[in-house]
Amino acid sequence: MTATVRIRPLDPLTDAELIHPWVTHPKAAFWMMQDAKLQDVEREYMAIAADPHHDAFIGLVDGTPAFLMERYDPAKAELVGLYEPEPGDVGMHFLVAPTDTPVHGFTRTVITAVMRELFADPATARVVVEPDVRNTAVHALNEAVGFVPEREIQKPEKKALLSFCTRARFEAAVGAAV
């Protein structure tokens, strides 16, 4: 799939209405916001915007908002005390907007763009993810872009599969340098 992908910072006040149906959709069950009201989503992303160790972004595919991306410092948020962070570690979450007309390869295009965005920062040495152990679809996507599962960890809200992807593994998986 060939597409133009652009990633911009999420504005909690103007984007909450856009992402509310994304994060509450049944396909976003692992996002754990199923019962969130619009104000809850706004409040959650205001907290992320205020956190110096966590950022949120909207991804546009061919000009249309199509995914949500979060970047965080796993030494200071999300994974504190659950693993030994290394210099250059960057945590990531992503969520593709629900659609009635799925396009084959779209989600892989999105995760590849997310990873390129993270590795565009020369300080990023390794991307860290911690999806729910039951989320087999995202495990396969993660593996496709170079992630290697390390172990299961228990977070307060879920049992997660801690996985890592180095720049070299990503480049080998997608067949191009970043």
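Look up a bit, the structure's there.
What you see is a predicted model, and the numbers here were worked out from it, not measured in a lab. (Residues numbered from 1 in each chain as written. Predicted model: local features only at pLDDT ≥ 70, side-chain atom pairs only at ≥ 80, totals over all residues. Heavy atoms only, no water.)

Asker: How would you explain the overall build of the protein chain if you had to name every residue and give the values?
Answerer: Across its full length, the protein chain holds five helices and seven strands. Starting at the N terminus and walking to the C terminus, you meet the elements of the protein chain as β-α-α-β-β-β-α-β-α-β-β-α. Relative to the globule expectation of 16 Å for 178 residues, the C-alpha radius of gyration of the protein chain, 15 Å, shows essentially globular dimensions. Over its C-alpha atoms, taken along the principal directions, the protein chain stretches across nearly 40 × 40 × 30 Å. Across the protein chain, contacts joining residues at least 24 apart in sequence account for 60% of those joining residues at least 6 apart. Taking the 17 positively charged and 26 negatively charged side chains of the protein chain as two groups, their mean positions are separated by 4 Å. (Helix = DSSP H or I, 4+ residues; strand = E, 2+ residues; numbered from the N terminus. Rg over C-alpha atoms; globule rule 2.2 N^0.38 Å. Contact = heavy atoms within 4.5 Å. Lys, Arg positive; Asp, Glu negative; His and termini not counted. Charge placed at Lys NZ, Arg CZ, Asp CG, Glu CD.)

Asker: Can you explain the pairing of strand β3 (residues 64-72)? Please cite residues and give values.
Answerer: As defined by bridge partners, strand β2 (residues 54-61) adjoins β3 across eight bridges and the pair is classed as antiparallel. By the bridge assignment for β3, L60 is matched with P65. The antiparallel pairing of β2 with β3 creates a hairpin that spans two residues between the two strands, and D62 there sits at a positive phi of about 50°. (Pairing = 2+ DSSP bridges.)

Asker: Residues and numbers for the pattern of salt bridges, please.
Answerer: Enumeration according to the criterion identifies 12 salt bridges in this entry. D89 serves as the salt-bridge partner of R126, at 2.8 Å between the closest nitrogen and oxygen. Linking R126 in strand β5 (residues 126-129) with D89 in strand β4 (residues 89-96), this pair joins segments that are 37 residues apart in sequence. For the pair R126 and D89, a shared accessibility class is recorded, and that class is buried. A salt bridge links E150 to R151; its shortest N-O distance comes to 3.3 Å. By relative accessible area, which is 47% here, E150 ends up partly exposed. Classification of R151 as partly exposed rests on a relative accessible area of 35%. Salt bridges linked by common partners bring E78, E130, K155, E157 and K158 together as one network. (Salt bridge = Lys/Arg side-chain N within 4 Å of Asp/Glu carboxyl O. Buried < 20%, exposed > 50% of the residue type's maximum accessible area, 1.4 Å probe, protein only.)

Asker: Before we move on, could you go through unusual backbone geometry and cite the residues and values that matter?
Answerer: The residue M32 is not glycine, and still its phi comes out positive at about 60°. Considering the arrangement of structural elements, one finds M32 in the loop between α1 (12-23) and α2 (38-50). The partly exposed category is assigned to M32, whose relative accessible area is 43%. Despite not being glycine, D62 shows a phi value in the positive range, around 50°.

Asker: Outline the environment of V114, supporting the account with residue identities and numerical values.
Answerer: Mapped onto the secondary structure, V114 falls in helix α3 (residues 106-119). V114 sits 20 residues away from F94 along the chain, and the two C-alpha atoms are 7.8 Å apart. In this view, V114 contacts I7, F67, M69, M92 and F94; residues no more than four positions away in its chain are not counted.

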